Amino acid sequence: MRFPLVMAGLAMIACSAVPAGAQLAAGKEKFLGNIVANSVPANFGAYWNQVTPENSSKWGSVESVRGTMNWTALDTAYQYATANGFRFKAHTLVWGSQYPSWITGLTPAEQRAEIEEWMTLLAARYPQIWAVDVVNEPVKTPLPFKNALGGDGATGWDWVITSFQLARQKFPNAKLLINEYGTENDAAARNQMLAIIALLKDRGLIDGIGIQAHAFNLDAMTAAQMRTCLDAYAATGLDLYITELDIRGTGATQTEAAQSAKYQELFPVMWEHGAVKGVTLWGYIVGQTWLANTGIVNADGTERAATTWLKSYLAGSPPPPPPPPPAPPTSPPASGGGGGGGGAPSPGFLGGLALLFVVRRLVGHPARTGGNRAR
Ligand code: XIL
């Protein structure tokens, strides 16, 4: 009975704290996170400052055998995050995928009791959960046993509302998020999500919107399309989170250069959007990502071009300096005829250049200037 607690303690000891300020978004207003699978990669803390478990906080992972909870991998991720002061998100409470297979054989009343018990146990074991994906993919992967939570009901989405009501009771200190994929470039699906979000918002049940942002959508998207998506969700007034970002890049070969180019096109739109409070990548080590060719750091620790760019972008490296003023002529200018040209730049000209430099620094890197603090 006490065994899991002992394991948790050992896991905490094993997770040595990473150097403060080592992560790409350390000290920024927004976080840049990643997933943790069964163990924490040695270089995780060199890059990321938020943790989402890849699979270990899914109900089907924890309770594959009814009544027997396996918290081992989740303990590891949680202890690592909390020991390092990183936000920890639970993913996910209610989802029409990766739920325990035994649940579908129960009556709706039994299912309801099991769902509530799952939430209760998760909340009790991990009091420092910062946010929870309460319902994952309500539009794309609805719950097969949604009748246990009220079914569609009068609102059409009663089961989602019930899920959030339960989550609010069980996780009173966590941010409650809804999470979906494929709405990035699909206005019809996004409008369905916005209808659900409005129902939840009217009832004070939702704190943020998770946009998965997977490669199978983003690879073919433009910056303008991404901005349209974010603006539509931001119109709700809720905080936005990019929750499962991965990018391969366009083109059949999905080269390192294509991946980096697509990162450069889309990442600033997400990072600099005022409503986006943080970005989480869905894996980063080549060969260890859910979608092939989405890794941005090689298994030997060398970095792909997307990471090189991401680091310099987030470091806010200053823009290139303005071109130097024209060199003074080596011989006296010919007087008259044609006018202009040559001579030392006037103080007004130099002042103009200095002003241009300051303005470029301010507008060229908005990620460095203001924005709302991630909560
Ligand atoms: C994926 C994991 O990365 C895989 O290891 C697992 O086999 C399947 O699930 N949307 C989600 C994530 O919300 O939970 C999924 O994670 C990827 C798609």
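This one's a predicted model, so the numbers in the text were calculated from it and none came from an experiment.

E54, N55, K58, H91 and E244 are the nearest of the 13 residues found near the ligand. Here an oxygen atom of the ligand sits 2.9 Å away from a polar atom, N or O, in the side chain of N55. In the model, an oxygen atom of the ligand is placed 2.7 Å from a nitrogen or oxygen of the H91 side chain. Protein burial of the ligand: of its 410 Å² of free accessible surface, 79% is covered by the chains. Partitioned by chemical class, the residues of the shell around the ligand number three nonpolar, six polar and four charged.

As a further point, take unusual backbone geometry. Across the junction of H91 and T92, the peptide omega takes the value 20 degrees, indicating a cis bond. With respect to the helices and strands, the residue T92 is situated in strand β3 (residues 87-95). The residue Q98 is not glycine, and still its phi comes out positive at about 55 degrees. Its place among the elements puts Q98 in the loop between β3 and α4 (108-125). The class of Q98 is partly exposed, set by a relative accessible area of 37%.

So, on to the nonpolar core. Formed by 95 residues in total, the largest nonpolar core has its most connected members in L32, L245 and F267. Among residues more than four places away in sequence, those in contact with F267 are L32, L245, K262, V279, W309, L310, Y313 and L314. Grouped together as the second largest cluster of nonpolar side chains are five residues, F31, A131, L177 and Y241 included.

Attention shifts here to the sheet that holds strand β5 (residues 175-180). Sheet strands pair by backbone hydrogen bonding; their relative direction is either parallel or antiparallel. Pairing is parallel around the closed barrel formed by eight strands, whose spatial order is β1-β2-β3-β4-β5-β6-β7-β8. Neighbouring strand axes in the sheet, compared pairwise and without regard to direction, differ in orientation by 25 degrees on average. Each of β5 and β6 (208-211) is contacted by helix α6 (residues 187-202), which is oriented at about 165 degrees to β5, the strand it contacts most.

Moving on to the confidence of the model for the protein chain. Looking at the protein chain, pLDDT values average 86 and 80% of them are 70 or higher. The low-confidence segment residues 1-15, where pLDDT is below 50, has ten contacts with residues more than four positions distant or belonging to other chains. Per-residue pLDDT stays below 50 along residues 332-374; that stretch engages in 40 contacts with residues further than four places along the chain or on separate chains.

As for its placement among the helices and strands, F164 is situated in helix α5 (residues 158-170). On the accessibility criterion, F164 (0% relative accessible area) is buried. In this structure the C-alpha to C-alpha distance between F164 and R203, which are 39 residues apart in sequence, comes to 9.7 Å. Apart from residues no more than four positions distant in its own chain, F164 is found in contact with V134, V135, L176, L177, I178, L200, L205 and I206.

Moving on: the pairing of strand β1 (residues 31-36). Of all the six residues making up β1, six are buried; the element is thus mostly covered by neighbouring parts of the structure. As paired strands, β1 and strand β8 (residues 276-281) are joined by three bridges and run parallel to one another. Of the residues in β8, the one forming a bridge with G33 is T280. With three bridges connecting them, β1 and strand β2 (residues 50-53) associate as parallel partners. Bridge assignment links V36 to a residue of β2, and that residue is P53.

The rules behind these values
Residues numbered from 1 in each chain as written. Predicted model: local features only at pLDDT ≥ 70, side-chain atom pairs only at ≥ 80, totals over all residues. Heavy atoms only, no water. Near = heavy atom within 4 Å. Polar contact = N/O pair within 3.5 Å; in protein donor to acceptor, adjacent residues only side chain to side chain. Areas by Shrake-Rupley, 256 points an atom, 1.4 Å probe, with all protein chains shown as cover. Nonpolar A, V, L, I, M, F, W, Y, C, P; charged D, E, K, R; others polar. Helix = DSSP H or I, 4+ residues; strand = E, 2+ residues; numbered from the N terminus. Buried < 20%, exposed > 50% of the residue type's maximum accessible area, 1.4 Å probe, protein only. Core = buried A, V, L, I, M, F, W, Y, C linked by side-chain atoms within 4.5 Å. Contact = heavy atoms within 4.5 Å. Pairing = 2+ DSSP bridges. Axes fitted to C-alpha atoms, helices over the stretch in contact; angles between N-to-C directions. pLDDT = per-residue confidence, 0-100.

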